[in-house]
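So the chains spell out like this:
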Amino acid sequence: MWPRTIVRCGAVNTPPAIVGGELYWTEMQQLSSFAQQVGSVMYKAPLGGGKPQRVLHKNTYALYPAEWGGTLAFVRYNFEGTYSLVCIEGEWTLPEGVEVHGLCGEGEWLYYLSTASGGMAIERVCPTDGWRREVVRKASHTSLSDLKVQDGVLYFGSIASGYDEVHALN
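Residues numbered from 1 in each chain as written. Predicted model: local features only at pLDDT ≥ 70, side-chain atom pairs only at ≥ 80, totals over all residues. Heavy atoms only, no water.

Focus: the overall build of the protein chain
In step 1: For the protein chain, the count of helices and strands is zero helices and 15 strands.
In step 2: Taking 15 Å as the expected radius of gyration for a compact globule of 170 residues, we find that the protein chain reaches 16 Å, a close match to that expectation.
In step 3: The C-alpha extent of the protein chain, read off along each of the three principal axes, is 40 × 40 × 40 Å.
In step 4: Counting across all 170 residues of the protein chain, residues that qualify as buried make up 40%.
In step 5: Taking contacts inside the protein chain between residues at least 6 apart in sequence as the whole, the part at least 24 apart equals 29%.
In step 6: Carbon and sulfur atoms make up 52% of the accessible area of the protein chain, which amounts to about 9,500 Å² in all. (Helix = DSSP H or I, 4+ residues; strand = E, 2+ residues; numbered from the N terminus. Rg over C-alpha atoms; globule rule 2.2 N^0.38 Å. Buried < 20%, exposed > 50% of the residue type's maximum accessible area, 1.4 Å probe, protein only. Contact = heavy atoms within 4.5 Å. Areas by Shrake-Rupley, 256 points an atom, 1.4 Å probe, with all protein chains shown as cover.)

Structural notes on the side chain of Thr82
In step 1: Secondary-structure assignment places Thr82 in the loop between strand 6 (71-77) and strand 7 (83-87).
In step 2: In this structure the side chain of Thr82 is engaged in a polar contact, spanning 3.4 Å, whose partner is the side chain of Glu80.
In step 3: Here Thr82 is in contact with Arg76, Tyr77, Thr93, Leu94 and Glu96, once residues within four sequence places are set aside. (Polar contact = N/O pair within 3.5 Å; in protein donor to acceptor, adjacent residues only side chain to side chain.)

Remarks on the sheet that holds strand 5 (residues 62-68)
In step 1: Spatially, 5-6-7-8 is the arrangement adopted by the four strands of the open sheet, whose pairing is antiparallel. Looking at which strands have only one partner, the edges of the open sheet turn out to be strand 5 and strand 8 (90-93). Pairwise comparison of adjacent strand axes, ignoring direction, gives a mean angle of 20° for this sheet.
In step 2: The sheet contact formed by strand 7 and strand 8 spans four bridges and is antiparallel. Note that in strand 8 the partner of Ser84 across the bridge is Thr93. (Pairing = 2+ DSSP bridges. Axes fitted to C-alpha atoms, helices over the stretch in contact; angles between N-to-C directions.)

Topic: the sheet that holds strand 11 (residues 119-126)
In step 1: Taken together, four strands build an open sheet; the order of strands is 9-10-11-12 and the sheet is antiparallel. Looking at strand neighbours, the two that pair on one side only are strand 9 (99-106) and strand 12 (132-140), the edges of this open sheet. On average, adjacent strands in this sheet sit at an angle of 20° to one another, irrespective of strand direction.
In step 2: Two strands pair when backbone bridges link them, and strand 10 (residues 109-116) and strand 11 are joined in this way by seven bridges, in the antiparallel orientation. What sits directly across from Ala116, in strand 11, is Gly119.

Observations regarding the layout of surface pockets
In step 1: A volume near 290 Å³ is recorded for the largest pocket.
In step 2: In terms of lining, the largest pocket is formed by 19 residues, of which the most central are Pro65, Leu103, Cys104, Leu147 and Lys148.
In step 3: At the level of secondary structure, the elements contributing two or more residues to the lining of the largest pocket comprise strand 1 (12-19), strand 5, strand 9 and strand 13 (144-150).
In step 4: When the residues that make up the lining of the largest pocket are grouped by side-chain class, the tally is twelve nonpolar, four polar and three charged. (1 Å grid on protein atoms, 1.4 Å probe; cavity = no way out; pocket = protein on both sides within 12 Å on 5 of 7 lines; lining within 4 Å. Points joined across faces, edges and corners; volume = space filled by probe spheres on them. Nonpolar A, V, L, I, M, F, W, Y, C, P; charged D, E, K, R; others polar.)

Examining the nonpolar core
In step 1: Core analysis: the largest hydrophobic core is formed by 18 residues, its most contacted members being Val75, Leu85, Leu94, Leu103, Leu110 and Tyr112.
In step 2: A per-element tally of this core places strand 5 first, with four residues.
In step 3: Sequence-distant contacts of Leu110, defined by excluding residues within four places in its chain, comprise Trp68, Ala73, Cys87, Leu103, Cys104, Gly105, Glu123, Arg124, Val125, Pro127 and Trp131.
In step 4: Counting twelve residues, the second-largest nonpolar core is a separate cluster that includes Cys104, Tyr111, Met120 and Cys126. (Core = buried A, V, L, I, M, F, W, Y, C linked by side-chain atoms within 4.5 Å.)

Structure follows, in structure tokens:
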């Protein structure tokens, strides 16, 4: 029967990802007795169902789990206000003032939505080539969302015309 519940979880705050036969997601959780201190905790569970397991320490601020080359990649929010991309190749911190709003991977590239003073852009980095960074779609003051990549084509949402739209970019 479809749909079926795989796992019961808390307040999911970024899109889930399937990596190596397991489902990864992040949840918002209160970090201390102060209601203002909230973190993002990553969990995983087998696709066949099972008990969720915490992947990273609760103070890690993990966001946007993604599959990259059969391994897990994700975004880390750092306490000093920067964002990092994390994968098996290591960790790369984005320039100060650049926020990340999505992550996906294919081939040698990790693609991400970035926001800075110039607006939202689509960028990519190559972790195996010294974290070489390239702009895929230059920044504009248009909201972008739901970044995915498949067979070399990037798919994303926007409201460029004032309506919800889905775009493909190769």
